[in-house]
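Each chain, letter by letter, is given below.
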Amino acid sequence: MTRLLPMTTLIRSASAIALVAVLTACSGGAPTEEAPITQAPPVADYTGPAPANADVQAFKINLWENIKANNRCGGCHNATGQSPRFARNDDVNLAYQEAIGVVDLPQPDNSRMVTKVSGGHNCWLTATSACGDTLTVWIRNWAGAVATGGRQIQLQPPVLRDVGASKNFPASSAGYANTIYPIVTQYCSRCHSESAATPQSPYFASADVDVAYAAARTKINLEDPAQSRLVLRLRDEFHNCWSDCASNANTMEQAIHNFADAIPLTQIDPSLVTSKALTLYEGTIAAGGNRFENNLLALYEFKTGTGNTIYDTSGVEPALNLNMTGDITWVGGWGVNVKTGGKAQGTTAASKKLADTIRLTGEYSIEVWAAPANVMQEDAFMVSYSGGTMARNFTLAQREYQYQAFNRSSTTDTNGEPFMITAAADEDAQASLQHVVLTFDPVNGRRIYVNGEFTGDNDAQTGGSLNDWDDTFAFVLGNETSNDRQWTGVMRLVAIHSRALTLEQIQQNFAAGVGERYYMLFSVSHLINVPQSYIMFEASQYDSYGYLFSKPAFISLDGTAVPDNIPLAGVRLGVNGAEATAGQAYIPLNTTLSSSNYLPETGQPLSQIGTVVALEKGPDLDQFFLTFERIGSNTHTVTEPALVPPPPPADGPPQPQYGLRTFDEINKTFSNITSVPVTNANVAQTYNLVKQALPSTEQLGTFGASQQTALAQLAIEYCNELVDDGTLRGGFFPGLNLNTTANTYFASQANRDLVIDPLIERVVGQFAGSAELGTQPSAAEVRTEINDLIAKLTAGAAGGQSGRTAVVAKASCAAVLGSGSLLLQ
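Quick caveat: nothing in here was measured; it's all calculated off a predicted structure.

Colleague: Break down unusual backbone geometry for me, citing the residues and quoting the values.
Modeller: Cis geometry is adopted by the peptide bond preceding Pro84, which originates at Ser83 and carries an omega value of 0°. Topologically, Pro84 is positioned in the loop between α1 (54-67) and α2 (92-99). Positive phi is not limited to glycine here, since Thr462 has a value of about 50°. Relative to the helices and strands, Thr462 resides in the loop between β21 (453-454) and β22 (474-477). Backbone geometry places Asn565, a non-glycine residue, at a positive phi of 50°. Inspection of the secondary structure assignment puts Asn565 in the loop between β26 (546-556) and β27 (566-575).

Colleague: Talk me through the side chain of Ser812; I want residue IDs and the actual numbers.
Modeller: For Ser812, the location among the structural elements is in helix α20 (residues 804-817). In this structure Ser812 comes out as buried when scored by relative accessible area, which is 0%. Within polar-contact distance, the side chain of Ser812 engages the backbone oxygen of Val808 at 2.9 Å. When sequence neighbours within four positions are dropped, the list of residues in contact with Ser812 reads Val755, Leu759, Ile786, Leu789 and Ile790.

Colleague: Which residues make up α2, and what are the values?
Modeller: When we look at burial in α2, the residues that qualify are Val92, Asn93, Ala95, Tyr96 and Ala99. Buried residues of α2 fall within an arc of 160° about the axis and therefore sit on the same side. Check the buried side of α2 and you find it contacts α1 and α4 (128-143). Residue Asp91 occupies the N-cap position of α2, its side-chain oxygen lying 2.9 Å from the main-chain nitrogen of Asn93.

Colleague: Can you lay out the pattern of salt bridges for me, pointing to particular residues and giving the numbers?
Modeller: The final tally for this structure, using the stated rule, is 31 salt bridges. A salt bridge links Lys276 to Asp162, with the nearest nitrogen and oxygen atoms 2.4 Å apart. With Lys276 in the loop between β5 (265-266) and β6 (278-279) and Asp162 in the loop between β3 (153-155) and β4 (166-167), this pair connects stretches of sequence that are 114 residues apart. In this structure, Arg359 engages Asp356 in a salt bridge whose closest nitrogen and oxygen atoms are separated by 3.4 Å. With Arg359 and Asp356 both in helix α11 (residues 348-361), this residue pair falls three residues apart, about one helical turn. Each of Lys352, Asp356, Arg359 and Asp471 takes part in salt bridges that share partners, so that together they form one network.

Colleague: Summarise the environment of Leu793; cite the residues concerned and give the values.
Modeller: You can see Leu793 is positioned in helix α19 (residues 779-794). For the pair formed by Leu793 and Ala742, sequence separation is 51 residues and the distance between their alpha carbons is 8.5 Å. When sequence neighbours within four positions are dropped, the list of residues in contact with Leu793 reads Gly799, Arg804, Val808 and Ala811.

Colleague: How would you sum up the nonpolar core? Please name residues and give values.
Modeller: The biggest cluster of nonpolar side chains holds 45 residues, and the ones touching the most others in it are Val383, Phe394 and Phe475. Contacts of Val383, omitting those with residues within four sequence positions, involve Ile366, Val368, Phe394, Thr395, Leu396, Phe475, Val476, Leu477, Val494 and Ile496. Val723, Ile756, Val763 and Val782 belong to the second largest nonpolar core, which has 44 residues in total.

Colleague: Residues and numbers for the environment of Val807, please.
Modeller: As for its placement among the helices and strands, Val807 is situated in helix α20. It is 8.9 Å that separates the C-alpha atoms of Val807 and Ala742, two residues lying 65 residues apart in sequence.

Colleague: Break down a nonpolar patch on the surface for me, citing the residues and quoting the values.
Modeller: A cluster of nonpolar side chains, contributed by Tyr658, Leu700 and Leu824, occupies part of the molecular surface with about 240 Å² of accessible area. With respect to the secondary-structure elements, Leu824 resides in the segment after α21 (820-823).

Colleague: For the sheet that holds strand β9 (residues 309-310), give the residues involved together with the corresponding values.
Modeller: Strand order in this open sheet of eight strands is β9-β10-β13-β22-β15-β16-β17-β18, and the pairing throughout is antiparallel. A single partner strand is all that each edge strand has here, and the edge strands are β9 and β18 (420-421). Looking at chain direction, strand β16 (residues 391-399) and strand β17 (residues 402-407) are connected through six bridges and run antiparallel. Counterpart to Arg399 in the pairing with β17 is Gln402.

Colleague: Before we move on, can you summarise the pairing of strand β11 (residues 328-331) with the specific residues and values?
Modeller: Because side chains alternate across β11, one face comprises the buried residues Ile328 and Trp330, and the other comprises Thr329 and Val331, none of which is buried. Note: β11 against strand β12 (residues 335-338), four bridges, orientation antiparallel. Note that in β12 the partner of Ile328 across the bridge is Val338. Between β11 and β12, which pair antiparallel one after the other, the connecting turn spans three residues, and Gly333 there sits at a positive phi close to 80°.

What counts and what doesn't
Residues numbered from 1 in each chain as written. Predicted model: local features only at pLDDT ≥ 70, side-chain atom pairs only at ≥ 80, totals over all residues. Heavy atoms only, no water. Helix = DSSP H or I, 4+ residues; strand = E, 2+ residues; numbered from the N terminus. Buried < 20%, exposed > 50% of the residue type's maximum accessible area, 1.4 Å probe, protein only. Polar contact = N/O pair within 3.5 Å; in protein donor to acceptor, adjacent residues only side chain to side chain. Contact = heavy atoms within 4.5 Å. Arc of directions from axis to C-beta. Salt bridge = Lys/Arg side-chain N within 4 Å of Asp/Glu carboxyl O. Core = buried A, V, L, I, M, F, W, Y, C linked by side-chain atoms within 4.5 Å. Patch = residues over 30% accessible without salt bridge, like charges linked within 9 Å, V, L, I, M, F, W, Y side chains within 5 Å. Areas by Shrake-Rupley, 256 points an atom, 1.4 Å probe, with all protein chains shown as cover. Pairing = 2+ DSSP bridges.

Read these as spatial facts, not as claims about activity.
Below, the structure written as structure tokens:
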């Protein structure tokens, strides 16, 4: 029996209809050459019988219209072609009858039509996964999921597999260094090394063999060397062969055989009490369950993982696919990492569908799951539909801790300004994975939601008309079309909706989550007297080095089954025939599976914590299982080895006792000393100009000439405002008279001391009668320097100029304020 999981609830299916039939491939089933097509080509107008009922009409609109083209499914599965003839153009009713046998309407991603195309059968794009995802959307729309706005997740029982012996990568890189490494360093290091002219990850040919070994492990199949990516890239994809591709592939395969043959099998300890085993990909996909997607225009889930194209899998033609340029790379678990110089951009022709549709609805939403690289970047454009820095339809941007929204309408200019921005004090933007939604409608204008909550910032421009949108712009992620508004960080999902999502719909999508997540069902039916019983985890590839396991629960797919006081204790995760050496967060678990805690729809939750387990061979090869100290009547006594105290860490290089004040600390300190507020218009303007040149870290070795210049500029502006404001000046420099010429006034040491003494007291911290600090300039040294400065500034004819006394006071102030006395801490 299967289970449906809308959002976080498991709902038992009333019926599990899996209508499957074998799709016979054209030309005997061999995959065809993939042709990158972004739009279904026109076909002859349909002249056959009208749809017999509403269901046939839904099939016609949502699926048939998209697949009947000759260079999609219609080229083979037509009226006179290969069976099943679900793309025939003579009678949509007959096509419907054929299609019923190759789709699974309750679970569209399980449709035979989808799995065949995802497996390489006549995909019209360069990535079979993108074709499969697009077909899934079309079938889901036909099935009526679009009417309820959600995807439902249906739990699928995995194939039962015993835990078997497995080969595991040794900790030492010696075997790799003697077998595979000589080949890749000779032929692959010009790209796959961090020291290459154009370095490309993974660095399995790095000059550091340990780095190379770590990078190569996910590209090596120890159980079947011929299926290693290092081999397939040469044999099947003809990737940078150094002579004959077939011969080169054989050489690489033999090297991997030599490496693998020296690794002994890891035998499972027979005394362990284990569940059945499965890989990550044998779980049920959990990502995106019950998302609201009624009005999608473009959708990017970053599932492809290879190549330079990010596919739009919204199912809305034409597909707005994006070309990746510069430093933008795929990350594990579905995502892209945008670095300096990177972006992904669509064509203006495909982008036009955004303007065409949104001008009609007058509203839209931009939905993003993203993790900004830092909270220092500003003018950083995350998602933009624009023609450069001065013209756009919409843009969602980051400005340090704030999010910005630009929108072109009848109440703003052609650049979408005045822009709307979230409150600085709220610090809505954080350097962590966030769900950010920008909506626009004619009544409320722009609104921003972060992690399912409205930020509370209202659009001063309210709504307006979008009739003036320009359909010649391009859609771009991570930058501006002109390449001068860089945003850096990881994106996990981007969606454009042709309607303004409601708060409830936004919270629904936030709860659905993002990324490559699976429900892994570890069968325990052989250990307890409960049919179809499983310990279920939500699992995902956390990054390129580990897996995240969380939310364990006990559940049975038999709707009538109920556990009856079954003890469960000491749960451990196993990988490739052995218990994981780290990440065992569920050892303390000690509970009872009972009818009082079990619900047929949701099972029995076991823990709310998560843990990370190291990636070894990769998500398609790593085999996971569970072990138990006790489950039902089965027990296993675990004797933990004695902990060996770690050796004392080696001393690192000596570190200075002092550091730099960072940009924000400098600004606040200047304000505290002078009493000039940081919000002063002139001070704030100068600070925004020089902030990026001020120290960003406390390390002394990072200080440079440009930072000293910026420090001096900011100090001068604070001193200008201090001296020009009579009240502030009187409080800081009591008795100072600016109405006398400088050469006359400062001829007296007593008058000089009216400037020097307050600066020494407030900046150096040396008050009269107090002991001096031995780690900063002495008061006498500072006094000598300022006296010399005043003498230079009052010498000659300049000393008698009007206003010179104020200039001398400001210069003295800036010299002390911008000195090492304040910069160092």
